[in-house]
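Given next are the chains, with one letter for each unit.
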Amino acid sequence: MKRFKIILLLVLTLTISLPAFSADKIDSKIRFNDLYGEVSIRPNSEDDDAYEYAELDTVIYEDDRIRTKEDSGAILGLEDMSTYVIKPETTLIIHTEEGNVSKIEMLAGNMWGNIKKMAEGKSLEIEMSQCVAGINGTTIIAEENGSESKFSVTKGKSTVTSKINGIEVIVEEGQTVIMDNKGNVLRKEIDPEIQKSFQEELDKSNDKLDINTIKGKIEEQIKGIDEENNKLNSAFNNMKSDAGSKTNDELKELLPNYENSLLEGKRFIGIYEEVNSSIKSYSSRDGLNKQQITERSNCIKKAKESMDRLSKTISSVDAFIAELSKKIEDASKINDETNTGTQPDADSDDRTEILNDINEINEEVNRIIREVGEQSSYQEFNNAVTNLKSLYSDLGQIGERLNALSESDEKTKLVKFYNMLDKAMLKALQDFSSVPEIESASMNQMSDFDEKIPSYASTIREHLENYKAISNSSDATKQRYVEAVTRTLASYDRMRRVYTKAEKLYNQINRKFSQAAYKSSEYQEVYDSWLRISNAMNELDDEASELSSCVEDLKNQLEGQLGK
């Protein structure tokens, strides 16, 4: 009995002491970029009573479970600028490996993920009830209800494996795969409304980010673009070196590798949309000082230069591969004719001509997109739309010639290239057409407001400076000063009305640009004017009040002198 009591005592002692020896938590390095409604978090090993409300500064640890309730949501961000948008009524678990996120387990709900290209040897899995998706440098949408898992790819491609029967499916860009608990697999085109819904959520989050966060975000994107450009340039130099020393058969073997390098570069150029989104949020910020405005201008300029470099590299690689493909095709054609006496492919010349024509339009479209962007004039946007419409008409004629070709693998590749260009042109047309015109009368009016208020503020400031030197002056000088200041202050209410008109005009113009993909140089001119007007008026309110007090003091002094 005594022995039993001793053992029981030891067991109780160990049980009470156990929490003190629990392992340290591992930081997943994911953070909340934004959240709204009821978002809660708890360790997955604990029950629902352990849920705590999440805040923006909440640290998310390995094996944490995140839950969003009805009318709630969150945006998660990684150090590499990967982003996850979590919709209402979603539950997921974060898993890490060596301090990096290795798996996100979705138990229920909807999630949009923009996952950056991961380091060599690293990968990320999205595990759902019916499937597991491996992703790397992909933009995806995951939807889970417990009996059916839906996985969509809006950029890049992913491999999705059924947990029921092991069926493996490659999900290409623009596709959705649905897997259910019976092992059925359905592939279909992605619903564009779903992507739009998540993008709107992300845009709202970008609007809430502070100025330093947006600047840091763009700088990270620039870094990623430059790294991709260096990598593609290196691959390009190796390609040219290889091509000069290989036989035709060897080049045939190498060509898919070359094309994969190019596709990787083209995939990464999709980040331009993200840079654009960040720039749009950056450009719309009010209340910046001169240094911040300069920093913003430099940051946006660097982002565009970075994209320009990558676009030029892609064009060079594109042209090289097209030239190499033709060389291989011509050599194979000659070889076939020599060995078998067969006639060359009747469509070969047409395909080559169509490819050259598509490449030519592609280069011209890329040039227009590079040259026209943030802070171009309305007329430049308008000219770009006219040129793109003409090119789009030319592309339509090429499409008719393409449809007339016989079915072949080469035609399939051409159609894919054609569709990609068609989509890019429509996007550019939509974006450039969304930029509204600001009437010259409005520009002149804002310029007039910009001249009046800062000039008036300068006069008030000059009176204040003169006040310091007038204390030892004669009464006559003081009287003249009082009369001059009184006349100036009489215009204060008029300046207030001018400010109100300027504010109203700026708000009208700003609303016109709320749905525009770009801000024109005219908009930037109006914005800069409004910034000067707003800053001048803020200072003016305080200085006019101070000057009014100074004048009252002088009046009292003068009246005292007269009383004597």
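Residues numbered from 1 in each chain as written. Predicted model: local features only at pLDDT ≥ 70, side-chain atom pairs only at ≥ 80, totals over all residues. Heavy atoms only, no water.

Per-residue confidence for the protein gives a mean pLDDT of 79, with 82% of residues at or over 70. Element-level pLDDT for the protein is lowest in helix α1 (residues 2–17), with a mean of 36, against a maximum mean of 95 in strand β4 (residues 64–68). Predicted confidence for residues 1–23 stays below pLDDT 50, and this span has zero contacts to residues more than four positions away or in other chains. (pLDDT = per-residue confidence, 0-100. Helix = DSSP H or I, 4+ residues; strand = E, 2+ residues; numbered from the N terminus. Contact = heavy atoms within 4.5 Å.)

As a further point, take the pairing of strand β15 (residues 175–180). β15 sits mainly inside the fold: five of its six residues count as buried. Here strand β12 (residues 148–155) pairs with β15 via six bridges, running antiparallel. Residue Phe 151 lies in a different strand from β15, and its bridge partner there is Val 177. Here β15 pairs with strand β16 (residues 185–189) via five bridges, running antiparallel. (Buried < 20%, exposed > 50% of the residue type's maximum accessible area, 1.4 Å probe, protein only. Pairing = 2+ DSSP bridges.)

Moving on to the environment of Thr 477. Considering the arrangement of structural elements, one finds Thr 477 in helix α11 (residues 475–490). Side-chain polar atoms of Thr 477 contact the side chain of Ser 474, separated by 2.9 Å. (Polar contact = N/O pair within 3.5 Å; in protein donor to acceptor, adjacent residues only side chain to side chain.)

In this section: unusual backbone geometry. Positioned with a positive phi, Asp 63 is a non-glycine residue whose angle comes to about 70°. Mapping Asp 63 onto the fold places it in the loop between β3 (52–53) and β4. The exposure class assigned to Asp 63 is partly exposed, which follows from its relative accessible area of 24%.

Two measures describe an aromatic ring pair: the distance that separates the ring centres and the angle between the ring planes. Per the stated rule, a full pass over the model turns up eight aromatic pairs. Plain terms: the ring middles of Phe 381 and Phe 432 are 5.7 Å apart, the flat faces sit at 55° to each other, and that makes the pair tilted. Residue Phe 381 is located in helix α8 (residues 378–403), and its partner Phe 432 is located in helix α9 (residues 409–433); the two are separated by 51 residues in the primary sequence. A relative accessible area of 1% means that Phe 381 is categorised as buried. Owing to a relative accessible area of 2%, Phe 432 belongs among the buried residues under this scheme. Here the aromatic rings of Phe 432 and Tyr 518 are separated by 5.5 Å at their centres, their planes lie at 50°, and the arrangement is tilted. Remark: Tyr 518 occurs in the loop between α12 (492–512) and α13 (521–563) and Phe 432 occurs in helix α9; sequence separation between them is 86 residues. For the pair shown, Phe 432 and Tyr 518 are each scored as buried. (Phe/Tyr/Trp six-rings, centres within 6.5 Å; stacked < 30°, edge-to-face > 60°.)

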